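This is what each chain is made of:
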Amino acid sequence: MAESEYNVSVPHMNSLLQMDPYLKPFENDVQRRYGLFKKQLTLLEEAEGGFDQFTRSYKSYGVQRMPDNSLVFKEWAPAAEALFLTGDFNGWDNFSHPYTKKEFGKWELHIPPKEDKTPAVTHNSKLKVVVHTRAGERLYRISPWAKYVTRHEKSVIYDWVHWDPPQPYIHKHPRPQKPRSLRIYESHVGIASPEGKVASYSNFTHNVLPRIKDLGYNCIQLMAIMEHAYYASFGYQVTSFFAASSRFGTPEELKELIDVAHSLGIIVLLDAVHSHASKNTEDGLNQFDGSDSCFFHSGPRGEHSLWDSKLFNYSSWEVLRFLLSNLRWWLEEYRFDGFRFDGVTSMLYHHHGIGSGFSGDYAEYFGLQVDEDALVYLMLANHILHTLYEDCITIAEEVSGMPNLCCPVQEGGLGFDYRLAMAIPDKWIQILKEFKDEDWDMGNIVHTMTNRRYGEKCIAYAESHDQALVGDKTLAFWLMDKEMYTSMSALIPMNSVIDRGIQLHKMIRLLTHSLGGEGYLNFMGNEFGHPEWLDFPRVGNNESYHYARRQFNLVDTDRLRYWQLYAFDRDMNRTEDKYGWLAAPPANISVKHQGDKVIVFERANVIFIFNFHPTNSYSSYRVAVGPPGKYKIKLDSDGIQYGGHGRLDHNTEFFTEPMEFKNLPNSMLLQLHYG
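Within every chain, residues take consecutive numbers counted from 1 along the sequence as written. The predicted nature of this model means local features are confined to residues of pLDDT at least 70 and side-chain atom pairs, given and counted, to a pLDDT of 80 or more, with totals for whole chains, interfaces and linings taken over all residues. As a rule here, side-chain values come from all non-hydrogen atoms in the structure, and water together with hydrogens is ignored.

Engineer: What should I look at first to understand the layout of surface pockets in this one?
Structural biologist: Picture a little ball the size of a water molecule; that probe, rolled over the atoms, points out where space is still empty. The pocket and cavity definitions rest on a 1 Å grid over protein atoms only: a 1.4 Å probe that fits but cannot leave marks a cavity, an open set with protein on both sides within 12 Å along at least five of seven lines marks a pocket, and residues lining either have an atom within 4 Å of a point. Grid points are joined across faces, edges and corners, and a volume is the space filled by probe spheres set on the points. Within this model, the second largest pocket holds a volume of roughly 860 Å³. Along the walls of the second largest pocket sit 33 residues, with Ile-607, Ile-609, Ile-633, Lys-634 and Leu-635 positioned nearest its centre. Helix and strand labels come from DSSP, where a helix needs a run of H or I of at least four residues and a strand needs a run of E of at least two; each type is numbered from the N terminus. Every element with two or more residues in the lining of the second largest pocket is listed here: helix 14 (496–515), helix 15 (562–579), strand 24 (606–611), strand 26 (630–631) and strand 28 (666–672). For the lining of the second largest pocket, the leading source of residues is strand 24, giving six residues.

Quick look at the structure:
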């Protein structure tokens, strides 16, 4: 490779450097990365006729039914000696249907239709690829491109099932417009019911979607959709990348779920796990062709020591085909609207973030520790997704603070739309574990909420699924713990633990929502203060579903206080929908007073006032205001309907005085009550 081929200039490099001057010393690195990205795009153009064709490979690999009902099977198995197809259709004969070897490790098999012109392999029948290795082994495998796999109740291994329904689901509703403010409801289909079982796509469509709509969320992030043999992996040990998990129902039922969400004006993002894959061989990608490489790096580079999983070789042409086509498949076939990319930190660095406490020194983000194959893959993925689907949304789960992660590829960035503000939930958990609320540090909280690069959009959240996993617990349980078992009745006065817990639960959420980012995320059930924690059925808990369910029944009775937290979350989202603070520039903070425990800021012409003091109220507290005029209370966490004490008169009108305060031209006096 001649050096000059890397020297492609980044079209809008100046915008990047203006936004983040700290990148100036690393300008050459950014240029070189962009050059590697452009090189891959050019190669795609030359070898495959462009990325549009390349990312439609799901239309030629795996199994395809032709117009005459003949079937074409195609696989990539470079280390295999021979490939055969077996299944219900040929009485499980291991040799009657050999694939033909093609160039570049490809294998193809054509099966003509039956005499009655119907396909030789019928819908819902089982198949396997028989791989003969050079070492003389015979292996039984599932096609990496399998669209549906199921597990018999008594079996451990999943079966490849040919999915070609006579009446496929037809989408009725257009995709909603991309929302200006992203309010995300992070969801897991299997735990989305109070019952101790694996819940279904249909249950989610009929019972959960109406709740999400009512709560004012405009986006759902669906976890654990890509098929994973081990339920307790929470969907993060993927075995079949093109198959929607069959434990929740059929592919058609997932399509209906997304279509109904679209009819409600809600977009749906898929949790995409392209950072690693399950080590399973019989029903996973591992050793598909008998070698320890194929889709993965061979040797130690192909192993993730903490996750006990396999790592993709992002420099491989066929791995790029597989992963990029996978993204396209979920958008085209199921009509997802974008992705939350899991484990981006693990992808970006050869050390996978293990044992690396990132200090924020920019030298940590450049140099030999960066896996530039993975980095270029992410640039390609974002470029292709945003070129083909203008409104596609991509979110990165990334903890290192990699700069230009959320800058456009044309500026030398990685091209994500948002990054998760992962320091915020960590801060809340730390505060609740280590400090009494009278010792909370207002300045430190505000710093954590606002510590983000200018121009990089963040998704703020107080807690996600991560914070509730076994060994930890939900924020509500941190705040109120065992009192939630006995004292959440709305028919009796609140004791001090429940009272303080309910008030802080609301304030933590509103502060995070209004100050922490350009989008907001909530994990299902936590909006109403779901108690306890999450734990999937596994050997260690006697396969119990007790903690693998969301107790929506708690919020469906007005005899318990959960509905008060639900109502606040709903009205918080609806208020944001009206004023649009998530889409507004960052807040102008006028007060973070440690002694008073008061935080005041303005965003989107809305003034937010928080009094975190456990005992002090203030009868006339001066608050700085930008625009002069009349102000009214629009959302009050002390409202009776939210489990508050109703101490503020909502009919009161507040008028500004032209008295300069905290470097703002106007101010007014307000009553502040403690939570």
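Let us keep going from here.
Engineer: How should I be thinking about the packing of helix 4 (residues 201–215) against helix 15 in this particular structure?
Structural biologist: To describe two helices that pack against each other, one gives the angle between their axes and the distance between the axes. What counts as an axis is a line fitted to C-alpha atoms, over the stretch in contact for a helix, and the angles between N-to-C directions run from 0 to 180 degrees. Where helix 4 meets helix 15, the axes come as close as 8 Å, and the angle between the chain directions of the two elements is 60°. Here helix 4 is positioned oblique relative to helix 15, judged by the angle of their axes. Between helix 4 and helix 15, the contacting residues are Arg-211, Asp-214 and Leu-215 on the first element and Tyr-566, Asp-569, Arg-570, Asn-573 and Arg-574 on the second. Taken together, the residues of the contact of helix 4 with helix 15 sort by class into two nonpolar, one polar and five charged. Put simply, angles under 35 degrees are roughly parallel, angles over 145 are roughly antiparallel, angles from 65 to 115 are roughly perpendicular, and the rest are oblique. By definition in these notes, contact holds between two residues if any of their heavy atoms fall within 4.5 Å. The classification used treats Ala, Val, Leu, Ile, Met, Phe, Trp, Tyr, Cys and Pro as nonpolar, Asp, Glu, Lys and Arg as charged, and all other residues, Gly among them, as polar.

Engineer: Would you mind going over the sheet that holds strand 22 (residues 588–593) with me for this structure?
Structural biologist: Strand order in the open sheet formed by three strands is 22-23-24, and the pairing between neighbours is antiparallel. Every interior strand has two partners, whereas the edge strands, strand 22 and strand 24, have only one. If you compare each strand with its neighbour and ignore which way they point, the axes differ by 10° on average. For two strands to pair, DSSP has to find at least two bridges joining them. Relative to strand 24, strand 23 (residues 598–603) runs antiparallel, the two being bridged by six bridges. Paired with Val-600 across the bridge in strand 24 is Ile-609. The strands that helix 10 (residues 442–450) touches are strand 22 and strand 23; relative to strand 22, the one it contacts most, it runs at about 155°.

Engineer: Mind showing me how you'd approach empty space enclosed by the protein here?
Structural biologist: Taken as a whole, this structure holds four cavities of 30 Å³ or more when the rule is applied. A volume near 50 Å³ is recorded for the largest cavity. Glu-186, Gln-221, Arg-340, Glu-397, Leu-420, Met-422, Tyr-461, Ser-464, His-465, Asp-466 and Leu-521 together form the lining of the largest cavity. Tallied by class, residues from the lining of the largest cavity come to four nonpolar, three polar and four charged.

Engineer: Hey, could you run me through the UniProt feature "active site" (unreviewed entry) in the chain in this one?
Structural biologist: Listed under "active site" (unreviewed entry) in the UniProt record, and renumbered for this structure, are Asp-342 and Glu-397. Taken together, the annotated residues stretch across 56 residues yet fold into one region, lying no more than 5.4 Å apart by C-alpha. Lining the largest cavity, from the residues just named, are Glu-397. Inspection of the secondary structure assignment puts Asp-342 in the loop between strand 17 (338–341) and helix 7 (344–348). Burial classes: relative accessible area under 20% of the type maximum marks a residue as buried, over 50% as exposed, and values in between as partly exposed (1.4 Å probe, protein chains only). Of the residues examined, Asp-342 reaches a relative accessible area of 8% and is grouped as buried. Here Glu-397 shows up in the loop between strand 18 (393–396) and strand 19 (418–420). Apart from residues lying up to four places away in sequence, Glu-397 is in contact with Arg-340, Phe-341, Asp-342, Gly-343, Val-344, Thr-345, Leu-420, Met-422 and Asp-466. UniProt positions are given in the numbering used here, feature names are shortened, and annotations may be inferred rather than shown by experiment.

Engineer: Hey, could you run me through the packing of aromatic side chains in this one?
Structural biologist: When two rings of Phe, Tyr or Trp (its six-membered ring) have centres within 6.5 Å they constitute a pair, described as stacked for plane angles under 30 degrees, edge-to-face for angles over 60, and tilted for the intermediate range. Across all of its chains, the model carries 44 aromatic pairs by this definition. Summarising the aromatic geometry, the rings of Trp-329 and Tyr-334 are spaced 6.1 Å apart at their centres and angled 80° between planes, so their arrangement reads as edge-to-face. Tyr-334 matches Trp-329 in its accessibility class, with the two residues each being buried. Judged by centre distance (5.7 Å) and plane angle (75°), the rings of Phe-477 and Tyr-485 are edge-to-face. For Phe-477, a relative accessible area of 4% corresponds to the buried category. Lysine NZ or arginine CZ positioned within 6 Å of the ring centre and within 35 degrees of the ring normal marks a charge as sitting over the ring. The ring centre of Trp-478 lies 4.5 Å from the NZ or CZ of Lys-473, which sits over that ring. Just above the ring of Tyr-674 sits the side chain of Arg-647; from NZ or CZ to the centre is 5.1 Å.

Engineer: Please explain the pattern of salt bridges as it appears in this structure.
Structural biologist: When the charged atoms of two side chains lie near each other, side chains of opposite charge can form a pair. The term salt bridge refers to a side-chain nitrogen of Lys or Arg lying within 4 Å of a carboxyl oxygen of Asp or Glu. Across all of its chains, the model carries 45 salt bridges by this definition. A salt bridge links Glu-398 to Arg-419, with the nearest nitrogen and oxygen atoms 2.6 Å apart. One end of the pair, Glu-398, is in the loop between strand 18 and strand 19; the other, Arg-419, is in strand 19, with 21 residues separating them in the sequence. The same class applies to Glu-398 as to Arg-419, namely buried. Residue Arg-622 pairs with Glu-657 through a salt bridge whose shortest N-O separation is 3.2 Å. Taken together, the positions of Arg-622 in strand 25 (residues 618–625) and Glu-657 in the loop between strand 27 (654–655) and strand 28 put the pair 35 residues apart, joining distant regions of the chain. When salt bridges with common partners are traced through the structure, they connect Asp-20, Glu-398, Arg-419, Arg-453 and Glu-456 into a single cluster.

Engineer: How should the packing of helix 2 (residues 27–48) against helix 6 (residues 317–333) be read in this particular structure?
Structural biologist: Where helix 2 meets helix 6, the closest approach of the two axes is 13 Å, and the angle between their N-to-C directions is 90°. Classified by the interaxial angle, the pair formed by helix 2 and helix 6 is roughly perpendicular. Here Gln-40, Leu-43, Leu-44, Ala-47 and Glu-48 of helix 2 lie close against helix 6, whose contacting residues are Trp-317, Leu-320 and Arg-321. Tallied by class, residues from the contact of helix 2 with helix 6 come to five nonpolar, one polar and two charged.

Engineer: I'm lost on unusual backbone geometry in this one. Help?
Structural biologist: Excluding glycine, residues mostly have negative phi values, and the peptide bonds linking residues are mostly trans. Although it is not a glycine, Asn-69 adopts a positive phi angle of roughly 70°. Look at Asn-69 and you get buried, because its relative accessible area is 18%. Although it is not a glycine, Asn-124 adopts a positive phi angle of roughly 75°. Here Asn-124 shows up in the loop between strand 5 (106–111) and strand 6 (126–133). Relative accessible area serves as the criterion here: at 46%, Asn-124 is assigned to the partly exposed category.

Engineer: Just checking my understanding: could you explain the environment of Ile-191 for this structure?
Structural biologist: Following the sequence through the fold, Ile-191 ends up in the loop between strand 10 (182–188) and helix 4. A relative accessible area of 0% places Ile-191 in the buried class. It is 33 Å that separates the C-alpha atoms of Ile-191 and Gly-87, two residues lying 104 residues apart in sequence.

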